[in-house]
Amino acid sequence: MTGIALAFLVRLATGVRLLGDIPEDGKRRIYFANHSSHLDFVVIWAALPGRQRAWTRPVAAAEYWEKTPLRRWLSTHIFKAVLIPRDLARMRSEDPLGKMLEAIDARADLIVFPEGTRSDTGEVGPFKPGLHHLATKRPETLLIPVFLENLSRILPKGEALPLPLMGQAMFGDPLPGPVEGESKHDFLERARDAVMHLSHGHLIPSPPDEGS
Amino acid sequence: MKDPELLYLVGGVVGILLIATLVTKILIGKSGETPTLVNLRQRVNAWWWMMLVFCSSLALGRTGVFGFYALLSFLALREFITLSPTPRGDHRTLTWVFFLILPLHFLFAAAPWYGMFLIWIPVYSFAFIPIRSALAGDTERFLERSARIQWGVMTCIYFLSYLPMLLYLPIPGYEGQNAKLLFFVVLVTQISDVMQYVFGKLFGKTKVAPKVSPSKTREGLLYGGAAATLIGTSLWWATPFTPAVAAGMSAMLVAAGFFGGLVMSAVKRSLGAKDWGRGIPGHGGVLDRLDSLLFAGPLFFHVIAYYFGTNMYDAYKQPQWMYDAMRLWIGH
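Residues numbered from 1 in each chain as written. Chains lettered and ligands numbered in written order. Predicted model: local features only at pLDDT ≥ 70, side-chain atom pairs only at ≥ 80, totals over all residues. Heavy atoms only, no water.

For chain B, the name recorded in an unreviewed UniProt entry is Phosphatidate cytidylyltransferase, with Luteolibacter soli as its organism. Check the Catalytic activity (unreviewed entry) section of the UniProt entry for chain B; it says "a 1,2-diacyl-sn-glycero-3-phosphate + CTP + H(+) = a CDP-1,2-diacyl-sn-glycerol + diphosphate". Note on chain B: under the UniProt heading Pathway (unreviewed entry), the record states "Phospholipid metabolism; CDP-diacylglycerol biosynthesis; CDP-diacylglycerol from sn-glycerol 3-phosphate: step 3/3." (UniProt positions renumbered as here; feature names shortened; annotations may be inferred.)

Identification of chain A as Lysophospholipid acyltransferase family protein from Luteolibacter soli is taken from an unreviewed UniProt entry. Per UniProt, chain A has the following entry under Pathway (unreviewed entry): "Lipid metabolism."

**Student:** For this particular structure, what's the right way to read the packing of aromatic side chains?
**Tutor:** To describe a pair of aromatic rings, one takes the distance between the centres and the angle between the planes. The full count for this structure, using the stated rule, is 35 aromatic pairs over all chains. Taking 5.2 Å as the distance between ring centres and 80° as the angle between the ring planes, the aromatic pair formed by F117 of chain B and Y162 of chain B counts as edge-to-face. Here F117 of chain B is found in helix α5 (residues 114–135), whereas its partner Y162 of chain B is found in helix α6 (residues 142–165), with 45 residues between them in sequence. We classify F117 of chain B as buried; its relative accessible area is 0%. Taken together, a centroid distance of 5.8 Å and an interplanar angle of 90° make the contact between F203 of chain B and Y223 of chain B edge-to-face. Of this pair, F203 of chain B sits in helix α7 (residues 178–203) while Y223 of chain B sits in helix α8 (residues 218–233), placing them 20 residues apart in sequence. For F203 of chain B, a relative accessible area of 41% translates into the label partly exposed. Here Y223 of chain B falls in the partly exposed class, since its relative accessible area comes to 44%. When the ring centre of W45 of chain A is taken as reference, the NZ or CZ atom of R53 of chain A above it lies at 5.6 Å. (Phe/Tyr/Trp six-rings, centres within 6.5 Å; stacked < 30°, edge-to-face > 60°. Helix = DSSP H or I, 4+ residues; strand = E, 2+ residues; numbered from the N terminus. Buried < 20%, exposed > 50% of the residue type's maximum accessible area, 1.4 Å probe, protein only. Lys NZ or Arg CZ within 6 Å of the ring centre and 35° of its normal.)

**Student:** Got a minute to help me understand the sheet that holds strand β3 (residues 82–84) of chain A in this structure?
**Tutor:** Think of a sheet as strands paired side by side through backbone hydrogen bonds, with each pair either parallel or antiparallel. Residues and elements named next belong to chain A. In space, the 6 strands of this open sheet follow the order β3-β2-β4-β1-β5-β6, with mixed pairing throughout. For this open sheet the edge positions go to β3 and β6 (168–171), each flanked by a neighbour on one side alone. Taking each pair of neighbouring strands and ignoring which way they run, the sheet shows an average axis angle of 25°. Sheet topology places strand β1 (residues 29–33) next to strand β5 (residues 142–149); 5 bridges connect them, and they run parallel. Opposite I30, over in β5, you have L143 as the bridge partner. Against the sheet, helix α2 (residues 40–47) makes contact with β1, β2 (56–61), β4 (109–112), β5 and β6, and its axis sits at roughly 115° relative to β5, the strand it touches most. Packed onto the sheet, helix α7 (residues 96–105) meets β1, β2, β3 and β4 and runs at close to 170° relative to β3. (Pairing = 2+ DSSP bridges. Axes fitted to C-alpha atoms, helices over the stretch in contact; angles between N-to-C directions. Contact = heavy atoms within 4.5 Å.)

**Student:** How should the confidence of the model for chain A be read in this particular structure?
**Tutor:** Low-pLDDT stretches of the model should not have their predicted coordinates read in fine detail. All names here are of chain A. Of all residues in chain A, 93% attain a pLDDT of 70 or more, and the chain-wide mean is 85. For chain A, helix α11 (residues 208–211) is the element with the lowest average pLDDT, namely 36, and β1 is the one with the highest, namely 94. Between residues 203–212, whose pLDDT stays under 50, and residues either more than four places distant or in other chains, the model counts 22 contacts. (pLDDT = per-residue confidence, 0-100.)

**Student:** I'm lost on the domain arrangement of chain B in this one. Help?
**Tutor:** Residue and element names in this part refer to chain B. The domains assigned to chain B are domain 1 (1–59), domain 2 (62–170 + 315–332) and domain 3 (173–310). Each of domain 2 and domain 3 has a C-alpha centre, and these two points are 24 Å apart. At the junction of the two partners, domain 2 supplies 26 residues and domain 3 supplies 29 residues. The interface formed by domain 2 and domain 3 holds 0 salt bridges in total. If you look at where domain 2 meets domain 3, you find 6 residue pairs in polar contact (both at pLDDT 80 or more). Looking at the side of domain 2 that touches domain 3, the elements that each hand over two or more residues are α3 (61–83) and α6. Tallying contributions element by element places α6 first for the side of domain 2 that touches domain 3, with 10 residues. A breakdown of the residues in the side of domain 2 that touches domain 3 according to their chemical character gives 22 nonpolar, 2 polar and 2 charged. (Domains from an automatic or database assignment. Salt bridge = Lys/Arg side-chain N within 4 Å of Asp/Glu carboxyl O. Polar contact = N/O pair within 3.5 Å; in protein donor to acceptor, adjacent residues only side chain to side chain. Nonpolar A, V, L, I, M, F, W, Y, C, P; charged D, E, K, R; others polar.)

**Student:** What is the right way to read α8 of chain B from this model?
**Tutor:** In an α-helix there are 3.6 residues to a turn, and that puts residues three or four apart on one side. Residue and element names in this part refer to chain B. With 16 residues, α8 ought to run about 22 Å at 1.5 Å a step, and its terminal C-alpha atoms sit 22 Å apart, in line with that. Residues of α8 that are buried include every one of E219, G220, G224, G225, A227, A228, T229, G232 and T233, and no others. In this structure, the buried side of α8 is in contact with α7 and α9 (243–270). (Expected span 1.5 Å × (residues − 1).)

Dropping the structure here:
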């Protein structure tokens, strides 16, 4: 109940629309998107149809989501996040990639942000290798690119109060996995292009001079 | 809605919409679902909804009307700012605009505190916006950024709020009937838009400003405007005007609406967009529907005030309850 209400509120506040039905083909999905705001995964999660939302788990930073009781409750009970440590020592002992693969094997869909961290400017940074690992280790999963528009303006890094502007979540067609002979770097570039392509040129909040 | 004349106005619009729905059905039955006809159907459906929401707000009385326009204002400003590239340095400024300046303005309007209604945005907010942005420390294109936000606030909040303010305009012998005045200005301006669109499609040849708005033609303005003026004149019985004055007022609304649409279209294009948003199917955004009213509203309000020589003296003062509250707070 809390989940449905929260998803509705997020859509209302950001103007993001509910996605049409997703075909029931028994395949796991990994949604990967550009990262610019704390709202990012919440918005993708809120845009998914209710049934999908139930088994979709965001991959998020453990340090942030374990900090306060409210965050802990939200991340475990509402979003069922796969919490990944950023701290190097913890990363060694907890095996982030293994956690993600485990979640996929337990029939969960994932939301990942291959850039790793949020960009300050709204530009899309280079993708980290995680997505490549997931795609090669679980080749049968569908890789869905998602472009998130305007969220960095609604809730920029370092701000607590969101502005009631309009945002969008644009979902693309599944990206073909790494092919024979394709280097890791080339695959990641291709994945990044798939996200950029969805922006139809709206990608970067145009620097002030372009708008006028 | 105790006013029978208001019911006639509503009935008239419902009649027009019924005809429009019927004609759309027939056209689609004849030539199938072409993109133009699907757009027409969307537009007519949206008109039903807009009419329904507008009338319900009127039925809820003053609070309903002011609440409704505060919401419209919020939606319009949201579209305006979404399209304007505002950088990080403006985030806090915009927070104040959305969460303080806008609600307070509608509070002053509804109170009514006419004196503050007049100056809250052009004086206080106009000064506050650049101050807050300067404090954020970003000087990059500062003048442009301030101007963008000020323009959004001026048009989407201040200009728009003149429409509900019509309810407080004291007109001798017309007391308690001002809702019809609001109905009149919205009806004539919107019908003028529709007529200009229709006549432009039928006879349009000379474009007024092709770069700004490709659909605005001189023929559309002349014929469509004349038709809207005729309709407005025929509604004189619902207004405090004589037929001649109703005609003049309608013509003024047509012109103001036309130029309002033109200016807002130029703003929109300068921001690199075709529509303000996608809030109303078939129409675009909320601002695409409101643009003509933004300019028609304030003009209509003040011209009526001059014509009848009315002054807002009673509403000019700070309301007593607000005065008392402030005294209490300061502890006088």
